[in-house]
Amino acid sequence: MMEFTGRVWKFGKDIDTDAIIPARYLNTTSPEELAKHCMEDADPAFPQKVRKGDMIVADKNFGCGSSREHAPIAIKAAGVPCVIAKSFARIFFRNSINIGLPIFECPEAVDGIREGDVVQVNAGTGVIFNMTTGQTYTAKALPASMQSIIHAGGLMQYVKTRVAEGK
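What you see is a predicted model, and the numbers here were worked out from it, not measured in a lab.

Enquirer: Break down the overall build of the protein chain for me, citing the residues and quoting the values.
Expert: Secondary structure summary: the protein chain contains eight helices and seven strands in total. Scaling as 2.2 N^0.38, a compact globule of 167 residues should have a C-alpha radius of gyration of about 15 Å, and the protein chain matches this with 15 Å. Relative to its 167 residues, the protein chain shows a buried fraction of 45%. If you take every contact in the protein chain between residues at least 6 apart in sequence, the share linking residues at least 24 apart comes to 65%. For the protein chain, the accessible area works out to roughly 8,000 Å², and carbon and sulfur atoms hold 53% of it. In the protein chain, 19 positive and 18 negative side-chain charges are present, and the distance between their average locations comes to 4 Å.

Enquirer: Now, about the sheet that holds strand S4 (residues 103-105): what can you tell me, with residues and values included?
Expert: Spatially, the seven strands line up as an open sheet ordered S4-S3-S2-S1-S5-S6-S7, and their pairing is mixed. Of all the strands in the sheet, just S4 and strand S7 (136-138) have a single pairing partner and so form its edges. Here the average twist between neighbouring strands, direction ignored, is 30°.

Enquirer: Report on the pairing of strand S5 (residues 118-122), specifying residues and quantitative values.
Expert: Successive side chains on a regular strand alternate, one facing one side of the sheet and the next facing the other. As paired elements, strand S1 (residues 3-11) and S5 share five bridges and run antiparallel to each other. Bridging from a neighbouring strand, Glu 3 pairs with Asn 122 of S5. Note that S5 and strand S6 (residues 127-130) share four bridges and pair antiparallel. Its bridge partner being in S6, Val 119 is matched across the sheet by Asn 130.

Reading the values: rules and limits
- Residues numbered from 1 in each chain as written.
- Predicted model: local features only at pLDDT ≥ 70, side-chain atom pairs only at ≥ 80, totals over all residues.
- Heavy atoms only, no water.
- Helix = DSSP H or I, 4+ residues; strand = E, 2+ residues; numbered from the N terminus.
- Rg over C-alpha atoms; globule rule 2.2 N^0.38 Å.
- Buried < 20%, exposed > 50% of the residue type's maximum accessible area, 1.4 Å probe, protein only.
- Contact = heavy atoms within 4.5 Å.
- Areas by Shrake-Rupley, 256 points an atom, 1.4 Å probe, with all protein chains shown as cover.
- Lys, Arg positive; Asp, Glu negative; His and termini not counted.
- Charge placed at Lys NZ, Arg CZ, Asp CG, Glu CD.
- Pairing = 2+ DSSP bridges.
- Axes fitted to C-alpha atoms, helices over the stretch in contact; angles between N-to-C directions.

What follows is the structure, given as structure tokens:
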């Protein structure tokens, strides 16, 4: 069971992939380099403020725009273990699963969580507990197949493991 606890950084609606990882940094595929610029067009200080385990909570349509897989890679490499939003752009949703970044859709949680709150997320059940306020929310749990991909660390690692197991 994957469970995450961390401080929240809050973002608005329609945060596109250019805000998550600006195009000017796409000349690298290094996760560590991408992490240094994660969310800087939405919050220039974010790369310096974020700490391993911190979470992103955002309004609707998070990850809209281009289909670059660099966006969820940058978030994951910055130490953010999951993202909670009212909704995700479809390609960002799929790219996140493929690189092993858990994402949760829960409009009620987004409305109830404030920046700086500490939240706990149970990836298996979708339960989000705001430790600061005592409120509990339930996100749509990901299907078991997607949870397996995330648990493996992403689609490539999942496939490698399955092949090695002869499945």
